[in-house]
Amino acid sequence: MPLPYALGRSSRVLRPFLSIYSVVGLGSNQRTPVMSSLNNQIRNQMEAEPFWNNFWTRVEKGTFFDTGTFSPPLKNALKDLPQGRALVPGCGRGYDALLLSEGKKRYVVGMDISETAIKEAQAERREMKVDAKQVEFILGDFFKYEPDQSFDVIFDYTFLCAIPPPLRESWAKQMASLITPETGRLVTLIFPIVDKSGGPPYAMSIKLVTDLVKSVGFELVQLDEKPESYKKRRGMEALAIWKLSKKDK
């Protein structure tokens, strides 16, 4: 669905995404300048749970953050990932969480701060006929999450780029606290790799993510700078897999 049409059917809460997503190619084939800045009211909306609830209520499959399907780079990386427990923060409609389960290879937790997104993910799980005991979708704040066990796989895609930049160091520390040292794998599908200001989504780069995760003890295991991506995101993504060298974070 063309982005302007999607916006026409939504409330004004989505309007900031018009310029941003024209740049990253999710709603238009034309590259247009992004807004130089967003006013404080809009920024506050984007950082709050009510904003994301409104967002997911109005976003149809295949628009904005939602591709309508799983991520091809993740599918291609599954063979390199351990079995066990997996986490997908900012899971949205849950496509990648469902993919990660690979039948019964992994117990997966999909987490989102939006109750609307979790309900949508649960509906997707029912449609895919996946056991709720295999893939669990929970409402929660990633930064306050304290599970009983660590995770063997954590997948980040359109989560780091959606959070306010001041939270990035906390993101890295929380990733280190949740992953199983040595054998666990943090998978970062880095997006959007573009030259723009403002967000969300905020511009990402391989260096930005590398600096963040290395600061808390992660080491690079694998890097694909040109993965086979969803068609509208080709050339704007890189897939990196990391391990936590020691639990001395």
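The numbering scheme is per chain: residues are counted from 1 as the chain's sequence reads. Predicted model: local features are reported for residues with pLDDT of at least 70 only, side-chain atom pairs are reported and counted for 80 or more only, and whole-chain, interface and lining totals are derived from all residues. Values shown for side chains rest on all heavy atoms present in the structure; no hydrogens or waters enter the calculation.

Participant: So what about the nonpolar core? Which residues, and what values?
Facilitator: Most often, soluble globular proteins have nonpolar side chains that are buried together. Put simply, a nonpolar core is a bunch of buried Ala, Val, Leu, Ile, Met, Phe, Trp, Tyr and Cys residues held in one set by side-chain atoms that sit within 4.5 Å of each other. Accessibility here uses a 1.4 Å probe with only protein chains present; expressed as a share of the type maximum, an area under 20% marks a residue as buried, one over 50% as exposed, and anything in between as partly exposed. Of all hydrophobic cores here, the largest spans 36 residues; its most connected members are Leu87, Phe142, Tyr145, Ile154, Trp171 and Phe218. Elements with a minimum of two residues in this core: helix H4 (49–58), strand E2 (106–112), helix H8 (168–178), strand E5 (185–190), helix H9 (206–214) and strand E7 (238–244). A per-element tally of this core places H8 first, with five residues. Any pair of residues with heavy atoms lying within 4.5 Å of one another is described as a contacting pair. With sequence-adjacent residues up to four places away left out, Ile154 is seen in contact with Leu87, Pro89, Met175, Leu178, Ile179, Arg185, Leu186 and Val187. Judged by nonpolar contacts, the second largest core, of 26 residues, contains Leu74, Leu99, Val153 and Tyr157. A helix here means a DSSP run of H or I that spans at least four residues, while a strand means a run of E at least two residues long, and both kinds are numbered starting from the N terminus.

Participant: Lay out the confidence of the model for the protein in plain terms, naming residues and giving numbers.
Facilitator: Each residue carries a pLDDT value, the predictor's own confidence for that position, ranging from 0 to 100. Per-residue confidence for the protein gives a mean pLDDT of 81; residues scoring 70 or more make up 78%. The low-confidence segment residues 1–46 (pLDDT under 50) makes 89 contacts with residues lying over four places distant or belonging to another chain.

Participant: Go over the environment of Asn54 with me, naming the residues and quoting the values.
Facilitator: Looking at the element boundaries, Asn54 is found in helix H4. Accessibility expressed as a relative area gives 34% for Asn54, which makes it partly exposed. For the pair Asn54 and Ala117, spaced 63 residues apart in sequence, the C-alpha separation works out to 9.8 Å.

Participant: If you had to explain helix H7 (residues 115–128) to someone new, which residues and values would you point to?
Facilitator: Taking 1.5 Å per residue as the helical rise, H7 with its 14 residues ought to reach 20 Å, and the 20 Å between its terminal C-alpha atoms agrees with that figure. Thr116, Ala117, Ile118, Ala121, Glu124 and Arg125 are the residues of H7 that are buried. Backbone nitrogen of Thr116 and a side-chain oxygen of the N-cap are separated by 3.3 Å at the start of H7; the cap is Ser114. Taken from the residues just after H7, Lys129 is the one with a positive phi, measuring 60°. To estimate the expected span of a helix, subtract one from its residue number and multiply by 1.5 Å. We define a polar contact as two N or O atoms separated by no more than 3.5 Å, with the added condition that, inside protein, one atom must be a possible hydrogen donor and the other a possible acceptor, whereas residues neighbouring each other in sequence contribute only through side-chain atom pairs.

Participant: For the environment of Ile163, give the residues involved together with the corresponding values.
Facilitator: By secondary structure assignment, the location of Ile163 is in the loop between strand E4 (153–157) and H8. With relative accessibility at 7%, the residue Ile163 sits in the buried group. For the pair Ile163 and Pro200, spaced 37 residues apart in sequence, the C-alpha to C-alpha distance is 7.2 Å. Those residues in contact with Ile163 that lie beyond four places of it in its chain are Phe143, Arg168, Trp171 and Tyr202.

Participant: Let's hear about the pattern of salt bridges: which residues, and what values?
Facilitator: Here a salt bridge means any side-chain nitrogen of Lys or Arg lying within 4 Å of a carboxyl oxygen belonging to Asp or Glu. For the structure shown, the criterion picks out seven salt bridges. Between Lys105 and Glu102 there is a salt bridge; the shortest N-O distance is 3.8 Å. One salt bridge in this structure joins Lys243 and Glu182, with 4.0 Å as the shortest N-O distance. Of the two residues, Lys243 is situated in strand E7 and Glu182 in the loop between H8 and E5; the sequence distance between them amounts to 61 residues. Take Glu182: its relative accessible area is 37%, and that puts it in the partly exposed class. Linked through salt bridges whose partners overlap, the residues forming this network are Glu102, Lys105 and Arg106.

Participant: A description of unusual backbone geometry should follow, citing residues and the corresponding values.
Facilitator: Pro192 follows Phe191 through a cis peptide bond whose omega is -5°. With respect to the helices and strands, the residue Pro192 is situated in the loop between E5 and H9. Residue Pro200 is bonded to the preceding Gly199 through a cis peptide linkage, with omega at 0°. Among the structural elements, Pro200 can be located in the loop between E5 and H9. Positive phi is not limited to glycine here, since Glu102 has a value of about 45°. Positionally, Glu102 belongs in the loop between helix H6 (95–101) and E2. Of note, Thr158 is a non-glycine position whose phi angle comes to about 55°, a positive value.

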